[in-house]
Amino acid sequence: MSTMTGLKCRECGRLYPKEVVFVCEYCFGSIEVDYDYEAIRKSLTRAALALRPKSLWRYRELLPIEGEPTAGAFSGFTPLFRAERLAKVLGVSELYIKDDSVCHPTLSFKDRVVAVAVTRAKELGFDTVACASTGNLANSVSAHAARAGLNRFIFIPADLELGKVVASLIYHPTLVAVEGTYDEVNRLCAEIGSKYPWAFVNINIRPYYAEGSKTYGFEIAEQLGWKAPAHIVIPAAGGSLITKINKAFKEFRLLGLINDPPPKLYAAQATGCAPIVNTIKQRSDIVKPVKPNTIAKSLAIGNPADGYYATKAVLDSGGWAESATDDEIIAAMQLLAETEGVFTETAGGVTLAAAKKLIEQGLIPQDESIVICITGNGLKTLEPLQGRLGQARKIKPTLASFEGTFSEQLSLMAKR
Ligand SMILES: *Cc1c(COP(=O)(O)O)cnc(C)c1O
Ligand SMILES: [Zn+2]
């Protein structure tokens, strides 16, 4: 039984059937999935959830599929943990990390959206899936489409990190490296998508795909013991994750699953690609495209599809935004690793660096609950760290060589 009633234009509210519709024919507004919340209220209760498997599909009434899920059975319900050591460094009292860099098949939050997109693409009868990607989506679509036995065309900018390229190629997709920015890749894909009958997960089936991001927000609420944190710091590329975390808390409040006021949301981007952060800081509603130049390639979208909605969600929530330079990103990646044992990719460095700056400026208060969204794994973005973390000390395979090399450190430790 599906609780998805249909599709709806975000601007004029016009209704559409549950098919492949991604722009409103009347006003060119973007399209969103609509649900029967009265029916959902009856089945999606805290008691019912307590008995369900710990995957993202536990919230299936709020996800846009009609039959059984066929992808991502083991994704979601990633760790949310109290970050005491990091909290001390940042000078805050209640800090949590929601860690999507682990427990997912391709080690990023994109495994949430792709689980939903691939399930829905199969339901809609597609035999080929495709995407325009900044890297993580490429990995995730490649993997999930392989397992689903679908053809896969993956489009990326030609300058991506080796880890993102190899971690796509292993699933044997048709990997297309486009000589251009992500925004050029995306434009090309829109053109290809209008000619070939493929499911472009983040273009023509985007309304379904994007709903998968809500599960990140649902889990924050459930894992905090059915509470909303006061503040959530969220990385932004196309801006979809921000809008969907916002929707997640709205839906849980609507269904009576949580009662707290909605969290304040903060957008984090790299200084070298900050169209959404710039718009928020100007309290504007016009997102001016930029040309990306940053080590945070997974966030390097200069013309974000959901920039307008992300800006609105952040400002309406009472939150704010901050950007981080390349050096700040690397320092934050190191800080997270040294304090909490979490190795995140550059995007996670962006989020932590932005959170740190927001706290230092007093824009996020020190004594309220804060969640930092870590969305991808550091093993995929090794390049910017190379040569910046010191080196292993080389020794001969003898005790004498070991003690000779480390004599100072060993005697210091002995004195303590
Ligand atoms: C794609 C991505 C994001 C942001 O996603 P949007 O929904 O496009 O804003 C954040 N972090 C990582 C690691 C990503 O790959
Ligand atoms: Zn419309």
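Before reading further, recall that the structure is shown in the block above.
Now for a look at the structure at hand. Note that the structure is a prediction, hence the values are computed from the model and not measured.

The rules we used
Residues numbered from 1 in each chain as written. Chains lettered and ligands numbered in written order. Predicted model: local features only at pLDDT ≥ 70, side-chain atom pairs only at ≥ 80, totals over all residues. Heavy atoms only, no water. Donors = N, O, S within 2.8 Å, 3.2 Å for Na, K, Ca; no water. Tetrahedral: all angles 85-135°; square planar, octahedral: opposite > 155°, others 65-115°. Helix = DSSP H or I, 4+ residues; strand = E, 2+ residues; numbered from the N terminus. Buried < 20%, exposed > 50% of the residue type's maximum accessible area, 1.4 Å probe, protein only. Axes fitted to C-alpha atoms, helices over the stretch in contact; angles between N-to-C directions. Parallel < 35°, antiparallel > 145°, perpendicular 65-115°, else oblique. Left-handed = near helix turned anticlockwise from the far one by under 90°. Contact = heavy atoms within 4.5 Å. Near = heavy atom within 4 Å. Areas by Shrake-Rupley, 256 points an atom, 1.4 Å probe, with all protein chains shown as cover. Nonpolar A, V, L, I, M, F, W, Y, C, P; charged D, E, K, R; others polar. Pairing = 2+ DSSP bridges. Right-handed = clockwise from strand over helix to strand, strands pointing away. Expected span 1.5 Å × (residues − 1).

**Overview of the coordination of the zinc ion (ligand 2)**
Protein coordination at the zinc ion (ligand 2): the donors are Cys9 (SG), Cys12 (SG), Cys24 (SG) and Cys27 (SG), at 2.3 Å from the metal. One can describe the site at the zinc ion (ligand 2) as tetrahedral: its four donor atoms subtend angles covering 97 to 118° at the metal. Along the chain, the residues donating to the zinc ion (ligand 2) are arranged with the sequence spacing C-x2-C-x11-C-x2-C. With Cys9 in strand 1 (residues 4-9) and Cys24 in the loop between strand 2 (15-16) and strand 3 (31-35), this residue pair connects regions lying 15 residues apart in the sequence. Judged by relative accessible area, Cys24 falls into the buried class, the value being 1%.

**Some words on the packing of helix 4 (residues 110-123) against helix 5 (residues 136-148)**
At a minimum axis separation of 9 Å, helix 4 and helix 5 run at an interaxial angle of 40°. Classified by the angle their axes make, helix 4 and helix 5 are oblique. For the pair helix 4 and helix 5, the crossing hand works out as right-handed. Contacts between helix 4 and helix 5 involve Lys110, Asp111, Val114, Ala115, Val118 and Lys122 from the first element and Asn136, Leu137, Ser140, Val141, His144 and Ala148 from the second.

**A short note on the packing of helix 5 against helix 6 (residues 162-169)**
Packing of helix 5 against helix 6 leaves a shortest axis separation of 8 Å and a crossing angle of 10°. As judged from the angle between their axes, helix 5 and helix 6 are roughly parallel. Contacts between helix 5 and helix 6 involve Asn136, Ala138, Asn139 and Ser142 on the former and, on the latter, Lys164, Ala167 and Ser168.

**Points about the site of ligand 1**
Surrounding ligand 1, one finds 15 residues, the nearest of these being Lys110, Gly238, Gly239, Leu241 and Thr375. Coverage of ligand 1 by the protein amounts to 95% of the 380 Å² it exposes when considered alone. When grouped by side-chain class, the residues that make up the shell around ligand 1 number seven nonpolar, six polar and two charged.

**Considerations on unusual backbone geometry**
Look at Phe77: it is not a glycine, yet its phi comes out positive at around 50°. In this fold, Phe77 is placed in the loop between helix 2 (46-50) and strand 4 (80-82). Taking the relative accessible area as the measure of exposure, Phe77 reaches 18% and is therefore buried. Positive phi outside glycine occurs at Trp226, with the angle close to 60°. With respect to the element layout, Trp226 can be found in the loop between helix 9 (214-223) and strand 10 (231-235).

**Looking at the pairing of strand 6 (residues 128-132)**
Successive side chains on a regular strand alternate, one facing one side of the sheet and the next facing the other. Counting buried positions along strand 6 gives five out of five residues, so the element sits mostly inside the fold. Neither face of strand 6 is open: one carries Thr128, Ala130 and Ala132, the other Val129 and Cys131, and all of them are buried. Across five bridges, the pairing between strand 6 and strand 7 (residues 151-157) is parallel. What sits directly across from Ala130, in strand 7, is Phe153. Following the backbone out of strand 6, through helix 5 and into the adjacent parallel strand 7, one traces a crossover that is right-handed. When strand 6 meets strand 9 (residues 199-200), the two strands line up parallel, connected through two bridges. Paired with Ala130 across the strands is Phe200, a residue of strand 9.

**Comments concerning helix 13 (residues 326-340)**
In this model, helix 13 (15 residues) spans 21 Å end to end at C-alpha, consistent with the 21 Å of a helix rising 1.5 Å per residue. Restricting attention to buried positions, one finds in helix 13 the residues Ile329, Ile330, Ala332, Met333, Leu335, Leu336, Thr339 and Glu340. Positive phi appears at Gly341, one or two residues downstream of helix 13, with a value of about 70°.

**Thoughts on the sheet that holds strand 4**
Here six strands make up an open sheet; going across it, the order is 4-5-13-10-11-12 and the pairing mixed. Only two strands of the sheet have a single neighbouring strand rather than two, namely strand 4 and strand 12 (321-324). Along the sheet, successive strands turn relative to each other by an average axial angle of 25°, direction set aside. Looking at chain direction, strand 4 and strand 5 (residues 94-99) are connected through three bridges and run antiparallel. Residue pairing for strand 5: Arg82 is matched across the bridge by Tyr96.

**So, the sheet that holds strand 7**
One open sheet accounts for four strands, arranged 8-7-6-9; its pairing is parallel. Both edges of this open sheet fall to strand 8 (174-178) and strand 9, since each of them pairs with a single strand only. In the packing of helix 7 (residues 182-195) onto the sheet, contacts are made with strand 6, strand 7, strand 8 and strand 9, and the angle to strand 7 comes to roughly 150°.

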